[in-house]
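Each chain is listed here by its residues.
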Amino acid sequence: MFFNMNDEWKNIAKEKTIFKFLVASLDTTYNIKIAHDVKLLLDTKDTPKLFFSDIETPVCADGECKLANIKVYWNLLGNYVGYGIDSQLPLTKFEHDPFEKADYKKLHQLLLDDNSILKRRQMSDLIDEVPTANANQLLENVDAVSGATKREVKEAVVKGGLYSCYTIWHIVHGEVKQKISAYFRSIHSEKLNNYLLNSPYKDYQLYAIKQLDKEKFEASSAQVIKIFKTNDAVTRHYILKKIPNKLLSNKIISNQLYSLFSSIDINSRTLLIEKLKDANLNAVKILSKYVTYMTKNQLKQYLKYLKGTSKKTRRSIKSNLIKASNHKSYAYNYLIKEFLKNKK
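These remarks concern the structure in this document.

How each quantity is defined
- Residues numbered from 1 in each chain as written.
- Predicted model: local features only at pLDDT ≥ 70, side-chain atom pairs only at ≥ 80, totals over all residues.
- Heavy atoms only, no water.
- Salt bridge = Lys/Arg side-chain N within 4 Å of Asp/Glu carboxyl O.
- Helix = DSSP H or I, 4+ residues; strand = E, 2+ residues; numbered from the N terminus.
- Buried < 20%, exposed > 50% of the residue type's maximum accessible area, 1.4 Å probe, protein only.
- Pairing = 2+ DSSP bridges.
- Phe/Tyr/Trp six-rings, centres within 6.5 Å; stacked < 30°, edge-to-face > 60°.
- Lys NZ or Arg CZ within 6 Å of the ring centre and 35° of its normal.

As for the pattern of salt bridges
At step 1: Summed over all chains, the structure comprises 12 salt bridges.
At step 2: For Asp-54, the salt bridge is made with Lys-71, and the minimal N-O distance between the two is 3.1 Å. Of this pair, Asp-54 sits in strand E4 (residues 48–57) while Lys-71 sits in strand E5 (residues 68–74); the two residues are 17 residues apart in sequence, bridging distant segments of the chain.
At step 3: On the basis of relative accessible area, Asp-54 is assigned to the partly exposed category, the value being 45%.
At step 4: Across the salt bridge formed by Glu-175 and Lys-179, the nearest N and O atoms sit 3.9 Å from each other. Of the two residues, Glu-175 and Lys-179 are both situated in helix H6 (residues 175–187); the distance of 4 residues between them amounts to about one turn of the helix.
At step 5: Under the relative-accessibility criterion, Lys-179 is labelled partly exposed at 30%.
At step 6: When salt bridges with common partners are traced through the structure, they connect Asp-114, Lys-119 and Lys-177 into a single cluster.

What about the sheet that holds E5?
As a general point, the strands of a sheet are linked pairwise by backbone hydrogen bonds and lie either parallel or antiparallel.
At step 1: A sheet is described by the order of its strands in space; here 6 strands give the open sequence E1-E6-E5-E4-E3-E2, paired in antiparallel fashion. Of all the strands in the sheet, just strand E1 (2–3) and strand E2 (14–24) have a single pairing partner and so form its edges.
At step 2: In this structure, E1 lies alongside strand E6 (residues 80–84), joined through 2 bridges in antiparallel fashion. In the sheet register, Phe-3 faces E6, and the bridge partner there is Gly-82.

So, the packing of aromatic side chains
The relation between two aromatic rings is expressed through the spacing of the ring centres and the mutual angle of the planes.
At step 1: Here the structure, examined in full by the defined rule, presents 14 aromatic pairs.
At step 2: With a centroid separation of 5.1 Å and 90 degrees between ring planes, the pair formed by Phe-3 and Tyr-73 is classed as edge-to-face. Taken together, the residues Phe-3 in strand E1 and Tyr-73 in strand E5 connect sequence positions 70 residues apart.
At step 3: Residue classification places Phe-3 among the buried residues on the basis of a relative accessible area of 11%.
At step 4: Ring geometry for Phe-99 and Tyr-104: centres 5.4 Å apart, planes at 45 degrees, overall tilted. As far as the burial class goes, Phe-99 and Tyr-104 line up, both buried.
At step 5: Three or more aromatic residues joined by ring pairs make a cluster, and in this case those are Phe-2, Tyr-83, Phe-99 and Tyr-104.
At step 6: Note that Lys-210 overlies the ring of Tyr-238, its terminal NZ or CZ placed 5.7 Å from the centroid.

Here it is, written out as structure tokens:
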């Protein structure tokens, strides 16, 4: 079993079937659609933890391949998090050879990739119509039916298992994701949002922050700052866009955010400079310690803001600016020297 949310898995105590979803078979002759149940998995306190489906599906167009049996798990937002296989029903590849351990691991990595090369391709786009390799090489490349896997796809899928990888990826990332997302929105509550907000998962944290109104954002500021420190650039950017001005003007909150300037992504740095007008006055002093981390445009913007501050504020940060102006490896120190010269 390959799984990314083991703590949630350990706490599962009950399940209930919530809907079915349909998957079109690769068999275009009969245009078969197969229905699969999706179950919600809950802990002993009835808190939703995961979604699950026990899937049995054909993986080729002519019925020659063995059926694939796979137990798929999604998180509460509909993002794939893992799968399990019955040891008596292994996945198979070319000539019905069972997947090896490395193959299962590769399939897990493929399924974790929401933007896989398989996403916008038809099956026919992934196989060379005219073989270009010699017979032996072709034999190694073909899947269970026919054709050679295109070179740009081979690295992403299990060797000899293109049909299985393609079919399972499109089931896991197909209609079911939207249905899970819609169902979760229907049961979403403040309690669930707090669970997501305080979880260790980045997608949960961003989703939860998006649901916070101004009052709840302020009430959750300690956790939001913690997420700002540890999450990715997209989430940091969202937090800075959404943070209420009243909260940013708070000295403690402002100090915590601006003290991270040197360790965060460039776009978040730009946004911090843009929001100086709304931040606590101490923020401009904090940034004076990190001037040499600024791009040319960021430095210009910072110095422009500094011009509008009081002489007292400028005097309090002058020593940091002088130090930055003498920083030999900082390419834009001439702008600081010019600023200091004009302020004499």
